[in-house]
Amino acid sequence: MSTAQRRLFLLAGVTALVLALAGFLATGVGKDHSIVASPLVGKQAPDFHLQGLDGSAASAVGLSDLRGQVVVLNFWASWCTECRIEQAVLDQTWQRFRDSGVVVLGVNFQDAPGDALDYVAAAGSTYPVVADTDSTTALAYGLRGVPETFVIDQAGQIVERVIGPVNAERLSSRISTLLAGGSR
Amino acid sequence: MSATRRRPSGSAAMVTVAVLAAVGALLFIGLRGDPPPQTRGQLAHQIASGLRCPVCQDLSAADSPAPIARQMRVQIDEKLAKGETAAEIRDGFIAAYGNSVLMTPPRHGLASVAYGFPLGALGLAGLVAALLLRRSLRRPMSDETELIRTEGR
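Predicted model, so just to flag it, every value in this text is computed and none were measured.

A. Structural view of the environment of Gln38 of chain B. All names here are of chain B. Turning to its location among the elements, Gln38 is positioned in the loop between helix H1 (10-32) and helix H2 (40-49). Judged by relative accessible area, Gln38 falls into the exposed class, the value being 66%. Between the alpha carbons of Gln38 and Cys56 there is a distance of 29 Å; along the sequence they are 18 residues apart. Within the structure, the side chain of Gln38 is placed 3.2 Å from the backbone oxygen of Pro36, a separation counted as a polar contact.

B. Region of interest: the interface of chain A and chain B. At the junction of the two partners, chain A supplies 21 residues and chain B supplies 17 residues. Surface buried jointly by chain A and chain B totals about 1600 Å² across both partners, of which 63% is contributed by carbon and sulfur atoms. At the surface where chain A touches chain B, the tally comes to four residue pairs in polar contact (both at pLDDT 80 or more). Those elements giving two or more residues to the side of chain A that touches chain B turn out to be helix H1 (3-27) and helix H4 (136-140) of chain A. Considering only residue class, the side of chain A that touches chain B consists of twelve nonpolar, seven polar and two charged.

C. Up close: the state of the cysteines. Following the criterion strictly, the structure yields two disulfides over all chains and no others. Across the disulfide, Cys80 of chain A is cross-linked to Cys83 of chain A (sulfur-sulfur distance 2.2 Å). Taking the sign of the torsion about the S-S bond as the criterion, the disulfide between Cys80 of chain A and Cys83 of chain A, at about 90°, is right-handed. Both residues of the pair, Cys80 of chain A and Cys83 of chain A, count as buried. At a sulfur-sulfur separation of 2.2 Å, the disulfide partner of Cys53 of chain B is Cys56 of chain B. Across the S-S bond linking Cys53 of chain B and Cys56 of chain B, the dihedral sits near 55°, which makes this disulfide right-handed. Cys53 of chain B gets classed as buried once you look at its relative accessible area, which sits at 1%.

How each quantity is defined
- Residues numbered from 1 in each chain as written.
- Chains lettered and ligands numbered in written order.
- Predicted model: local features only at pLDDT ≥ 70, side-chain atom pairs only at ≥ 80, totals over all residues.
- Heavy atoms only, no water.
- Helix = DSSP H or I, 4+ residues; strand = E, 2+ residues; numbered from the N terminus.
- Buried < 20%, exposed > 50% of the residue type's maximum accessible area, 1.4 Å probe, protein only.
- Polar contact = N/O pair within 3.5 Å; in protein donor to acceptor, adjacent residues only side chain to side chain.
- Contact = heavy atoms within 4.5 Å.
- Buried area = accessible area lost by both parts, 1.4 Å probe.
- Nonpolar A, V, L, I, M, F, W, Y, C, P; charged D, E, K, R; others polar.
- Disulfide = S-S within 2.5 Å.

The following block contains the structure:
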């Protein structure tokens, strides 16, 4: 084999290797969505029992107590700018569906109790809010930041996870589907 | 004029040996791993070091000052006290966060490529180096062409 032929074979080999690697990266790794999607979607929502912002037993809420209702579980904090954007949407959703078997539940995350109470008072939100003081519930839900919202169906299964502010139309559509007996 | 017998590929042989030594050293370091923890605290720290703080950028649960990372460390310690194994504790976090909670990719599935590719590349480099070394040692001790060229000057 001549030197020119050897070089040609080497070049072809290297090119084939690079193309194979690029193809693998494009098709294989690119399809692995587990990095961004929650592995909890489609699974039973982790149960919790959290006290309200005032710390009283009367304001405590347990997820298992809400079985049979659609739950919109919203993790938020008073220091979170994006949480303010979705505040009105969540309140409107609560007002619209509260008599139809839907609970909007705010879960305060990594916040000073006083700040959280001031925020709720200033925003005028009417749905129940509990405090995840030690972040145990946040860890159980695989929280990466706030706001994050989980939609839980009547059977206690997580059907959707929203990272960032919720979209009013999409949330209403999802809730209506669940109330009509659908899951997706 | 008689030809001086010298090894024209001596430097290549030295480079090859150096590459082989480097490949061996890297493989040794890469495959050696950490020493096993002696106490529960050390084991908890080792587990936390392998888990990513979910609200931080490239910080492990062991290193992050974030409250959620602190809670991860508390949970790890509590679970160890209850008798859970390191694998069970890691699996618990993976169940909520997926494999991205791990500081290093898992050694199975697609992510195993992250381990296999560098090792494969190192092995290939070692093979090439070995072939080059073998070739250079088999070469004749004199290079007639070089001598003719030198005499012609």
